[in-house]
Amino acid sequence: MQNTGIRQDPGGPRPALGASTDPGPRAAPGASTATPTHCPYCALQCGMNLTPVGGGTVAVSERADFPVNRGALCGKGRTAPEVLASGARLTSPLVRSDDGTLVPAGWDEALDRIARNLLLTRTEYGADALGVFGGGGLTNEKAYALGKFARVVLGTSQIDYNGRFCMSSAAAAGTRAFGLDRGLPFPLEDVPRTGCVILVGSNPAETMPPSLRYFTELRENGGTLIVVDPRRTRTAEQADLHLAPRPGTDLALALGLLHLVVAEGRVDEAYVEERTSGWEEARAAAMAHWPEYVERITGVSVPELREAVRLFCTPEAAMVLTARGPEQQAKGTDTVGAWINLCLATGRAGRPRSGYGCLTGQGNGQGGREHGQKADQLPGYRRLTDPAARRHVAGVWGVDPDSLPGPGRSAYELLDALGTDIRSLLVMGSNPVVSAPRAAHVEGRLRSLDFLAVCDVVLSETAALADVVLPVTQWAEETGTTTSLEGRVLLRRRAITPPDGVRGDLEVLHGLAVRLGVERGFPTDPEEVFEELRRASAGGPADYSGIDYRRLAEEDGVFWPCPAPGDEDAVPHPGTPRLFLDRFATDDGRARFVPVAHRPSAEEPDAEYPVLLTTGRVVAQYQSGAQTRRVAELNAAAPGPFVQLHPRLAARLGAAEGDPLAVVSRRGRAVAPARITAGIRPDTVFMPFHWPGEGRANTLTNPALDPTSRMPEFKVCAVRVETVPR
Ligand code: SF4
């Protein structure tokens with residue numbers, strides 16, 4: 001696996017790798033009109049039309065009838081078809097040859113090799129030596145089939161996915177407080193109708209630009225927007241109030257606000273009495289966080305804290321929305337919990353136009369965590385440790401409940417175990433060489449595997465390390481469902497025929513299952529998989545049993561939970577756009593306060609590493625960049641990594657705009673040009689994480705894990721910054 005070179009297989013005149021002879025995306029046979037579908041990238045899942053144009057290619061056009069984005073698309077969505085026709089597209093399986101290079105191979109040879117190696121590993125080391133790593137971009141059908149494949153075919157507990165890196169702390173905190181995790185428990189259309197929104201660690205102006213109009217409309221309607229972010233982002237520029245805490249201190253910030261809510265007599269006592277439990281303990285914890293103490297921790301002044309409380313508490317309704325900022329911390333669950341406590345104390349949850357929500361990031365980040373590719377879950381958002389859940393899902397799968405493995409390792413822990421406890425790995429829809437924390441270490445662990453197989457559309461940095469690479473279909477070439485950040489289940493439709501030589505992920509799992517002795521149970525038709533998923537989810541927290549493809553096509557999405565109609569029901573369940581209005585999903589129907597307290601980040605600045613690093617995204621790239629770095633327009637807009645820093649820090653370093661800077665943490669060193677702006681705290685630098693190589697931000701990040709969600713601390717670590725001679 002060390003040699004990542006590619007050479008032409010001398011055995012046959014196959015097309016050059018990465019240079020597809022395909023002229024571009026082609027229309028599905030017979031297709032002549034627009035196919036309504038959804039964007040392949042983020043969790044907003046914008047509606048778009050794909051229309052065949054001359055030469056068999058497709059164009060993206062606006063789809064004004066889809067209510068979430070009403071036709072608006074960001075540059076990533078607009079240019080998404082370019083990846084379909086990219087010269088980097090893989091159109092043949094690749095296998096590692098004796099000289100260490102990847103060479104083209106037939107599908108049978110590639111699948112045989114994977115199956116043989118998985119069997120060898122299992123025979124020698126046991127089933128838990130097999131690892132499976134999925135992705136938050138996989139459709140519900142793929143996520144479901146992958147989880148089933150790991151547990152039924154491989155018999156391993158070692159499956160997790162990159163969504164663990166994305167929103168798992170919010171999921172854990174939401175489950176803890178409300179008894180259920182659905183990113184937004186209300187549709188985005190409620191945002192402009194509330195009175196105040198606190199956006200915590202979220203930059204939708206860059207991560208999901210079409211959603212910004214909801215916040216613009218909020219302000220046009222007289223509401224206010226508070227943004228909490230160490231940087232003055234494009235979103236923060238539009239806020240009525242921007243609070244810029246030191247990275248890793250937003251837990252203290254939320255506690256300080258709750259302290260003031262209590263001190264100023266703004267607690268909604270009747271709501272707390274009627275709809276919550278645990279208030280006294282949470283109140284006591286908050287009262288230990290005096291505003292002046294919070295100011296010292298966070299850098300946010302007491303007058304700013306008071307103003308935030310006034311703006312949040314004055315209107316009849318208000319919301320808190322969190323994203324990766326508070327979540328990607330070693331105390332992410334408690335940090336989100338602190339913001340939820342603020343909502344509960346002020347009666348802003350489970351009421352019309354009020355609530356707490358998480359702005360999920362990945363395209364199917366929500367559905368991906370509901371249907372079984374997470375280490376501790378079974379389909380329908382069931383817990384793997386729940387005997388009734390095991391019985392139900394095992395019944396659908398036709399296996400003995402006792403044969404299902406227990407919970408496995410979380411994503412980073414799984415990657416960290418590669419080459420030791422885990423000897424062979426199957427990766428589907430993920431590029432951890434770029435996206436995992438402590439990425440150089442993770443890359444080393446991947447290289448130390450006995451066997452690595454990767455399914456991807458291009459030769460990603462992770463695929464380049466593999467023993468076998470399988471070229472798979474992309475969003476416009478296949479049908480499947482996703483679940484958006486609103487909990488709206490959507491149908492993505494196939495609009496074009498995939499290139500020759502490419503197969504769908506469901507076909508891959510079917511082919512491997514058959515080779516591993518499981519002839520039935522892995523259909524390749526996504527609708528057939530969804531029908532089984534419906535049954536597996538029935539009665540679970542994320543109940544999809546009342547949803548089918550026909551309905552999704554007709555209704556343009558259905559919010560879960562949506563149980564199948566019972567014998568008494570005259571009409572189908574309408575779906576559930578708004579959760580918790582009558583009761584929360586806890587046993588007693590009450591939301592649970594959880595007492596939390598400020599604690600430092602896993603790594604605080606010291607003499608050797610005196611600066612804080614925070615990481616994130618830019619508007620023109622997406623996640624590890626495996627797709628968007630193949631789009632010329634996006635690369636022109638965002639060609640590479642950078643180090644954003646304040647003029648005072650730049651002056652101290654003697655650095656000018658564009659100078660190469662080395663950012664060094666305890667885990668490694670990354671080099672990127674300086675981008676100097678007053679819109680960041682002087683004690684903090686920011687790097688986007690979309691690129692591999694010497695500018696890879698995740699070389700630096702800290703894999704310290706939240707004890708509940710097992711989310712790594714991407715958002716804060718200690719670094720030093722040095723100038724580099726040109
Ligand atoms: Fe696609 Fe997200 Fe952009 Fe919408 S905001 S077009 S879903 S990347």
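Counting restarts for each chain, with residues numbered from 1 along the sequence as it is written. Predicted model: local features are reported for residues with pLDDT of at least 70 only, side-chain atom pairs are reported and counted for 80 or more only, and whole-chain, interface and lining totals are derived from all residues. Think of the side-chain values as coming from all heavy atoms in the structure, minus any hydrogens and water.

1. Comments concerning the overall build of the protein chain
So, point 1. Numbering of helices and strands starts at the N terminus; helices are DSSP runs of H or I of at least 4 residues and strands are runs of E of at least 2. Per the secondary structure count, the protein chain includes 24 helices and 32 strands.
So, point 2. Atoms considered for the radius of gyration are the C-alpha atoms alone. The globule rule reads 2.2 Å times the number of residues to the power 0.38. Relative to a compact globule of 726 residues, whose C-alpha radius of gyration would be 27 Å, the protein chain shows 25 Å and is just as compact.
So, point 3. With respect to the three principal axes, the spread of C-alpha positions in the protein chain is 75 × 75 × 55 Å.
So, point 4. Expressed as a percentage of the 726 residues in the protein chain, the buried residues total 64%. Categorising residues by exposure relies on relative accessible area from a 1.4 Å probe, with only protein chains included: less than 20% of the type maximum marks a residue as buried, more than 50% marks it as exposed, and the intermediate range marks it as partly exposed.

2. Some details on the side chain of Glu370
So, point 1. Position of Glu370 relative to the elements: it lies in the loop between helix H15 (365-368) and strand S15 (377-378).
So, point 2. Within this scheme the basic residues Lys and Arg register as positive and the acidic residues Asp and Glu register as negative, but His and the chain ends are omitted. The working definition used for a salt bridge is a side-chain nitrogen of Lys or Arg within 4 Å of a carboxyl oxygen of Asp or Glu. Of the side chains with opposite charge, Arg369 lies nearest to the buried Glu370, which makes no salt bridge, at 6.2 Å.
So, point 3. Non-local contacts of Glu370, meaning those with residues more than four positions away in its chain, are made with Gln377, Leu378, Pro379, Gly380, Tyr381, Thr483, Ala542, Tyr544 and Trp560. Whether two residues are in contact is decided by their heavy atoms: any pair within 4.5 Å suffices.

3. Side note on the domain arrangement of the protein chain
So, point 1. Domains assigned within the protein chain are domain 1 (35-88), domain 2 (94-165 + 364-524), domain 3 (168-358) and domain 4 (611-723).
So, point 2. Domain 1 and domain 3 are separated by 33 Å when their C-alpha centres are compared.
So, point 3. Contact with domain 1, which involves 11 residues of that partner, is made by 10 residues of domain 3.
So, point 4. Two parts placed together each lose some accessible area; with a 1.4 Å probe, that loss summed over both constitutes the buried area. By the criterion of area lost to domain 3, the three top residues of domain 1 are Leu44, Val68 and Arg70, representing 52% of everything that side buries.
So, point 5. Applying the counting rule to domain 1 against domain 3 returns 1 salt bridge.
So, point 6. The shortest N-O distance in the salt bridge between Arg70 and Glu217 comes to 3.7 Å.
So, point 7. Definition of a polar contact: a pair of N or O atoms within 3.5 Å, with one able to donate and the other able to accept a hydrogen when the atoms are protein atoms, and with sequence-neighbouring residues admitted only if both atoms are side-chain atoms. Our count for the contact surface shared by domain 1 and domain 3 stands at 4 residue pairs in polar contact (both at pLDDT 80 or more).
So, point 8. Residue polarity follows a fixed list, in which Ala, Val, Leu, Ile, Met, Phe, Trp, Tyr, Cys and Pro are nonpolar, Asp, Glu, Lys and Arg are charged, and the others, Gly among them, are polar. Class assignment of the residues belonging to the side of domain 1 that touches domain 3 gives a composition of 8 nonpolar, 1 polar and 2 charged. Domain borders in the structure are assigned automatically or taken from a domain database.

4. Observations concerning the nonpolar core
So, point 1. Counting residues in hydrophobic clusters, the biggest one holds 117 residues, and the most contacted among them are Phe149, Phe178 and Trp339.
So, point 2. The dominant element in this core, judged by the number of residues it contributes, is helix H8 (residues 250-263), at 9 residues.
So, point 3. Inspection of this core shows a minimum of three residues originating in each of domain 2 (94-165 + 364-524) and domain 3 (168-358).
So, point 4. Excluding anything up to four places from it in sequence, Trp339 contacts Ile198, Val200, Val228, Asp250, Leu253, Ala254, Leu257, Val320 and Thr322.
So, point 5. Grouped together as the second largest cluster of nonpolar side chains are 51 residues, Val58, Val68, Leu199 and Leu634 included. Working definition of a nonpolar core: buried Ala, Val, Leu, Ile, Met, Phe, Trp, Tyr and Cys residues. They are joined through side-chain atoms within 4.5 Å.

5. Re the side chain of Thr194
So, point 1. Secondary-structure assignment places Thr194 in the loop between helix H5 (168-178) and strand S9 (196-200).
So, point 2. For Thr194, a relative accessible area of 6% corresponds to the buried category.
So, point 3. A polar contact is formed between the side chain of Thr194 and the backbone nitrogen of Ala318, at a distance of 3.2 Å.
So, point 4. With residues up to four places along the chain from it excluded, the contact list for Thr194 reads Leu218, Gly223, Ala317, Ala318, Met319 and Arg353.

6. Brief notes about helix H7 (residues 212-220)
So, point 1. Within the span of H7, buried status applies to Leu212, Arg213, Tyr214, Phe215 and Leu218.
So, point 2. Once H7 ends, the next one or two residues include Gly222, with phi positive near 100 degrees.

7. Some thoughts on the environment of Ala597
So, point 1. With respect to the secondary-structure elements, Ala597 resides in the loop between strand S24 (591-592) and strand S25 (611-616).
So, point 2. The partly exposed category is assigned to Ala597, whose relative accessible area is 39%.
So, point 3. With 220 residues separating them along the chain, Ala597 and Gln377 place their C-alpha atoms 29 Å apart.
So, point 4. Aside from chain neighbours lying at most four places away, what touches Ala597 is Leu251, Leu255 and His289.

8. Quick notes on the pairing of strand S28 (residues 668-676)
Within a regular strand, side chains alternate between the sheet's two faces.
So, point 1. Pairing between two strands is assigned when DSSP locates at least 2 bridges connecting them. Relative to S28, strand S26 (residues 643-645) runs parallel, the two sharing 3 bridges. Of the residues in S28, the one forming a bridge with Gln644 is Arg675.
So, point 2. Looking at chain direction, strand S27 (residues 660-665) and S28 are connected through 6 bridges and run antiparallel. Its bridge partner lying in S28, Ala662 is registered against Val671.
So, point 3. In sequence, S27 turns back onto S28 through a hairpin of 2 residues.

9. Let's talk about the sheet that holds strand S21 (residues 488-492)
So, point 1. Overall, antiparallel pairing links the 3 strands, which are arranged S20-S21-S23 in an open sheet. Strands with a single pairing partner mark the edges of an open sheet, and in this sheet they are strand S20 (480-483) and strand S23 (558-559).
So, point 2. Across 4 bridges, the pairing between S20 and S21 is antiparallel. Each residue of the ladder has a partner; that of Gly480, found in S21, is Arg492.

10. A look at the packing of helix H4 (residues 140-154) against helix H20 (residues 505-515)
So, point 1. Relative to each other, H4 and H20 sit at 15 degrees, their axes nearing to 10 Å. Classified by the angle their axes make, H4 and H20 are roughly parallel. Both H4 and H20 take part in a crossing whose hand is left-handed. Of the residues in H20, those in contact with Glu141, Lys142, Ala145, Leu146, Phe149 and Val153 of H4 are Asp505, Leu506, Leu509, Leu512 and Ala513.
So, point 2. Taken together, the residues that form the contact of H4 with H20 break down as 8 nonpolar, no polar and 3 charged. Axes here refer to lines fitted to C-alpha atoms; in helices the fit is confined to the stretch in contact. Angles between the N-to-C directions go from 0 to 180 degrees. Should an angle lie under 35 degrees it is considered roughly parallel, over 145 roughly antiparallel, and from 65 to 115 roughly perpendicular; all remaining angles are considered oblique. Two helices cross in a left-handed way if the nearer one is turned anticlockwise from the farther one by less than a right angle. They cross in a right-handed way if the turn is clockwise.

11. Topic: the packing of aromatic side chains
So, point 1. Any Phe, Tyr or Trp ring, taking Trp's six-membered ring, that has another such ring centre within 6.5 Å forms a pair; planes under 30 degrees apart are called stacked, those over 60 apart edge-to-face, and the others tilted. Under the counting rule described, the total for this entry stands at 13 aromatic pairs.
So, point 2. Consider the rings of Phe530 and Tyr544, whose centres lie 6.4 Å apart with planes at 50 degrees: the pair is tilted. Here Phe530, found in helix H21 (residues 526-537), pairs with Tyr544, found in the loop between H21 and helix H22 (549-555); they are 14 residues apart in sequence, far enough to count as distant. We note that Phe530, like Tyr544, is buried.
So, point 3. Taken together through their ring pairs, the aromatic side chains of Phe178, Tyr356, Phe580 and Phe584 make up a single cluster.
So, point 4. Both a distance and an angle decide whether a charge sits over a ring: NZ of Lys or CZ of Arg must be within 6 Å of the ring centre and within 35 degrees of the ring normal. In this structure, Arg213 packs its charged tip against the face of Tyr214, placed 4.2 Å from the ring centre.
So, point 5. Just above the ring of Phe312 sits the side chain of Arg348; from NZ or CZ to the centre is 5.4 Å.

12. A short note on the pattern of salt bridges
Should their charged atoms come close, side chains of opposite charge can pair.
So, point 1. According to the stated counting rule, one finds 45 salt bridges in the structure shown.
So, point 2. As a salt-bridge pair, Glu264 and Arg306 come within 3.2 Å of each other at their nearest N and O atoms. Of this pair, Glu264 sits in the loop between H8 and helix H9 (269-275) while Arg306 sits in helix H12 (residues 302-313), and the two are 42 residues apart along the sequence.
So, point 3. Owing to a relative accessible area of 30%, Glu264 belongs among the partly exposed residues under this scheme.

13. Here we look at unusual backbone geometry
So, point 1. Here Trp560 and Pro561 are connected by a cis peptide whose omega angle stands at -5 degrees.
So, point 2. Tracing the sequence through the fold places Pro561 in the loop between S23 and S24.
So, point 3. Unusually for a residue other than glycine, Arg438 sits at a positive phi of about 50 degrees.
So, point 4. Mapping Arg438 onto the fold places it in the loop between helix H18 (432-435) and helix H19 (439-447).
So, point 5. A positive phi angle, near 60 degrees, is found at Asp556, a position not held by glycine.
So, point 6. Positionally, Asp556 belongs in the loop between H22 and S23.

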